[in-house]
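Architecture and fold: a report
Chain by chain, the residues run as shown.
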Amino acid sequence: MSRFRPRLIITPGEPAGIGPELALQLTHKNYNADLFFSADPILLKQTMVRLNLNLEIVTCTPQSLPDQNQPGKLHVIPETLRVDVEPGHLNAINSPYVVKTLKTATDACLDKQFDALVTGPVHKGIINQSGIPFTGHTEFLEQRCGAKAVMLLQAPKLSVALVTTHIPLAKVSSQITATKLSAVIDILHHSLIQRLGIEHPRIMVCGLNPHAGDNGALGSEEDEVIR
């Protein structure tokens, strides 16, 4: 985008969890970015009262965003909770609200209204309990964006990409295939160059079993698939 300051849209996640509090605490940080929230304004107001924060909530839409955040104002793209929230007590009735905030934020990024999406924690079990199939943010974004997604955990000197995400441990081995490994490595290699500016990435592939299988003594996936 042409703006000097990036626009970030934040979904606080599970309304009864820590997400709304964490999101509002971001307002105390001095970021060189403009922060917007996809959330219920009433929920954020109630959270502000608990945290003793004094902010003015300003509602907007992805099509009518202010050029820059203003001090003391919280810019919110409103979505409405189904029922009142009691912190620490999950309610499946509010799960459609959680997914709707994600859809709104993701679509606004795809429409280039925002430069990046920041997601708060959700509870996958309570979303599925409501009848909405939901494996995780990674899979949701993959489906919504129509593109292959790779989860990347990043530290200053090390990035770790995952071949599998959000499946039971007992199913991991069967999901390690040469095709899937190649796809993840290709996406990772491209992203390290194009997104992180690493001209010649050095990628190491971990083994699956203890001691990388010890030549088959502790498992054969390394010899049969990974190598």
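Here, every reference points to the structure presented above.
Here the structure is a predicted model, which is why all the values come from computation and not from measurement.

1. Examining the pairing of strand 1 (residues 7–11)
Among the 5 residues of strand 1, 4 are classified as buried, and the element is accordingly described as predominantly covered. Inspection of the sheet shows strand 1 paired to strand 2 (residues 34–39) by 4 bridges, in the parallel sense. Considered in strand 2, the bridge of isoleucine 10 is made with phenylalanine 37. Between the parallel elements strand 1 and strand 2, the chain passes through helix 1 (residues 19–25) in a crossover that is right-handed. Relative to strand 5 (residues 116–119), strand 1 runs parallel, the two being bridged by 4 bridges. Directly across from threonine 11, in strand 5, lies its bridge partner threonine 119.

2. Considerations on the pattern of salt bridges
Under the defined criterion, the tally for this structure stands at 6 salt bridges. Note that aspartate 107 is salt-bridged to arginine 144, the shortest N-O span being 2.8 Å. Taken together, the positions of aspartate 107 in helix 3 (residues 95–110) and arginine 144 in helix 5 (residues 137–145) put the pair 37 residues apart, joining distant regions of the chain. Assessed through its relative accessible area of 26%, aspartate 107 is described here as partly exposed. In this structure, lysine 148 engages glutamate 142 in a salt bridge whose closest nitrogen and oxygen atoms are separated by 3.6 Å. On the basis of relative accessibility, which here comes to 45%, the residue lysine 148 falls in the partly exposed class.

Cut-offs applied
Residues numbered from 1 in each chain as written. Predicted model: local features only at pLDDT ≥ 70, side-chain atom pairs only at ≥ 80, totals over all residues. Heavy atoms only, no water. Buried < 20%, exposed > 50% of the residue type's maximum accessible area, 1.4 Å probe, protein only. Helix = DSSP H or I, 4+ residues; strand = E, 2+ residues; numbered from the N terminus. Pairing = 2+ DSSP bridges. Right-handed = clockwise from strand over helix to strand, strands pointing away. Salt bridge = Lys/Arg side-chain N within 4 Å of Asp/Glu carboxyl O.

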